[in-house]
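# Structure at a glance
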Amino acid sequence: LHSSPMSQSRFLTRLIWLCLLPIVLLTFYLAVTHVQTNRVQRHNEAQDLTRDLASVLDVDLYTAQAPTDPHGFKPLAPQQLQNRLDQVSLPTGWSLALLDSKSQPLAQRGPPTQISGAPLAKNSQRFMANTVAAPWHVVMEIPRHIYWRQQLEAASLITITLMAAT
């Protein structure tokens, strides 16, 4: 079998792709790692915000206790609860609610279709923390499309950068 010799341009093209392959694979690995790290950071951010708000509400409740109240509990006014939720800095599209023991909203912030004691909305993530001083739950809900949008944007940016580099 006699094969014709490879042309110089074909040889150089193959050599260039052979040299680029490790860089492309490394970039792909870094992109996947970056997206996973962003996802974990968003999850932790949501969980931390939920826990922090529950802790702040506990402090508010303990501070509001009346010394003469035989049960040691003086509920906060609904406006105080709403003011506390309004002070939390939320990313766009995230919803936050304070629910009582029957999962009825005491205060809420965010798109009203997301906040309720209802079961988890389709394609969303919910984070919950309980207060210690009262039978309440702090609930944060993030629509799935918002939760994943940042990851998709990061992956898209890396992909575009990679394509531009090659």
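Before reading on, note that the structure itself is shown above.
In this text the structure is predicted, and so the values were computed from the model without any measurement.

## Focus on the overall build of the protein
Looking only at helices and strands, one finds 3 helices and 4 strands in the protein. Listing the helices and strands of the protein from first to last along the sequence gives α-α-β-β-β-β-α. Considering the protein as a whole, with its 166 residues, one finds that 30% of them fall into the buried category. When contacts within the protein are restricted to residue pairs at least 6 apart in sequence, those whose partners lie at least 24 apart make up 56%. As displayed, the protein offers around 11,000 Å² of accessible surface, 62% of which is attributable to carbon and sulfur atoms.

## A closer look at a nonpolar patch on the surface
The grouping of Met6, Phe11, Leu12, Leu15 and Leu18 at the surface amounts to a nonpolar patch, some 480 Å² of accessible area in total. Among the secondary structure elements, Leu18 is positioned in helix H1 (residues 8-63).

## With respect to the pairing of strand E2 (residues 105-109)
In this structure, strand E1 (residues 95-99) lies alongside E2, joined through 4 bridges in antiparallel fashion. Following the sheet pairing, Leu99 is matched in E2 by Pro105. Two successive antiparallel strands, E1 and E2, enclose a turn made up of 5 residues, where Ser103 displays a positive phi of approximately 65°.

## Notes on the nonpolar core
Counting 24 residues, the largest nonpolar core has Leu96, Met140 and Ile142 as the members making the most contacts within it. Breaking this core down by element, the ones donating at least two residues are H1, helix H2 (78-86), E1, strand E3 (124-130), strand E4 (137-143) and helix H3 (144-165). Top element by residues in this core is H1. It accounts for 5 residues.

## Points about the sheet that holds E3
Sheet architecture is open: 4 strands sit in the order E2-E1-E4-E3, paired in antiparallel fashion. Two strands in the sheet have a free side with no partner beyond their single neighbour: E2 and E3. When strand polarity is set aside, the average angle formed by the axes of neighbouring strands in this sheet is 15°.

Rules of the game
- Sequence order as written defines residue numbering, which begins from 1 separately in each chain.
- Selection of residues for local features in this predicted model requires a pLDDT of at least 70, selection of side-chain atom pairs for listing and counting requires 80 or more, and totals for whole chains, interfaces and linings are taken over all residues.
- Think of the side-chain values as coming from all heavy atoms in the structure, minus any hydrogens and water.
- A run of DSSP states H or I qualifies as a helix once it reaches four residues; a run of E qualifies as a strand once it reaches two. Both are numbered from the N-terminal end.
- For each residue, the accessible area found with a 1.4 Å probe, counting protein chains only, is set against the maximum for its type, and the residue is called buried under 20%, exposed over 50%, and partly exposed in between.
- Residues are treated as being in contact if the distance between any of their heavy atoms lies within 4.5 Å.
- Calculation of accessible area relied on Shrake-Rupley with a 1.4 Å probe; when residues are assessed, cover is drawn exclusively from the protein chains displayed.
- Like charges within 9 Å and nonpolar side chains (Val, Leu, Ile, Met, Phe, Trp, Tyr) within 5 Å are joined into patches, using only residues over 30% in relative accessible area that form no salt bridge.
- In what follows, salt bridge is the name for a side-chain nitrogen of Lys or Arg lying within 4 Å of a carboxyl oxygen of Asp or Glu.
- Following DSSP output, two strands are said to pair if at least two bridges run between them.
- Note on terminology: a nonpolar core comprises buried Ala, Val, Leu, Ile, Met, Phe, Trp, Tyr and Cys residues joined through side-chain atoms within 4.5 Å.
- Interaxial angle, 0 to 180 degrees, is taken between N-to-C directions of lines fitted to C-alpha atoms, where a helix line uses only the stretch in contact.

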